[in-house]
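As a plain string of letters, each chain reads:
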Amino acid sequence: MNQATISHPLFQQLVKEQSTIIDLLAQLDLCENNDDLKKLSLNLQTFAEIQHHEKEERLLFTTIYQNQKIHEGGPMCSLYFDLHQFENRKVKVEQIIGRTIKHTHQQAMLLKNRTPLVIPIEEHQSGRDLLAYILEKVDHTAFAINKINLELYKNIQVNHIKKEANCLYHMCAGLLSKDTADEILAEWIKDT
Ligand SMILES: [Fe+2]
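Residues numbered from 1 in each chain as written. Predicted model: local features only at pLDDT ≥ 70, side-chain atom pairs only at ≥ 80, totals over all residues.

A. The overall build of the protein chain, seen in detail. Helix and strand counts for the protein chain come out as eight helices and zero strands. If you list the helices and strands of the protein chain from N to C, you get α-α-α-α-α-α-α-α. In terms of overall size, the protein chain behaves like a compact globule, its C-alpha atoms giving a radius of gyration of 17 Å where 192 residues would be expected to give roughly 16 Å. For the protein chain, the C-alpha atoms occupy an extent of roughly 55 × 30 × 25 Å along the three principal directions. When the 192 residues of the protein chain are sorted by exposure, 33% land in the buried category. In the protein chain, of all internal contacts separated by at least 6 residues, the share reaching a separation of at least 24 is 83%. (Helix = DSSP H or I, 4+ residues; strand = E, 2+ residues; numbered from the N terminus. Rg over C-alpha atoms; globule rule 2.2 N^0.38 Å. Buried ≥ 20, exposed ≤ 12 C-beta atoms within 10 Å, placed from the backbone. Contact = placed C-beta atoms within 7 Å.)

Here it is as structure tokens:
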């Protein structure tokens, strides 16, 4: 197979979007009131959640899941799981929102065999549910509390992006042919 590499334009596109998310997150330090936090949260919901993470799951993860090698483990996965154990924020999010995180139908399918995809999916949904909670409560909650919750969202995203850029995307590149990566990128751009 003509294998994709991490320098394929698909991964360049993903990394470019990650830096847009990091730039948005940096605006948290400039927020002075709940209106600022609300505006930033809505921008994050649109770009990070509805566009970037959703497309990762629908276009990239569903393709990777079809590859038998993702079900076999290996050293890359060990590093990934180690980082996850160290930085797992799911429990903290569930304490704040007062319930367990809710997975979509597509996520439930991808979670079936406990592949390394469990980690990014859990992080996506923890962030997504926390952001939805922040937006639901922002108008009726003290600025300081809203800001602490959005700081946690930021922390989840920064760690998530670091893991994807340094670990998951490399693993994905090794599991995709160049042609399949081209097809995913075409779909990705069409959907922007
Ligand atoms: Fe992601």
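B. The nonpolar core, seen in detail. Grouped together as the largest cluster of nonpolar side chains are 20 residues, with contacts concentrated most on Leu10, Ile64, Leu117, Cys172, Ala181 and Ile184. For this core, the secondary structure elements donating two or more residues are α1 (9–26), α2 (34–65), α7 (143–175) and α8 (178–190). Not counting the four nearest positions on each side in its chain, Ile184 is found in contact with Leu10, Leu59, Leu60 and Thr63. Core analysis: the second largest hydrophobic core is formed by 14 residues, Leu40, Leu131, Tyr153 and Ile161 among them. (Core = buried A, V, L, I, M, F, W, Y, C linked by C-beta atoms within 7 Å.)

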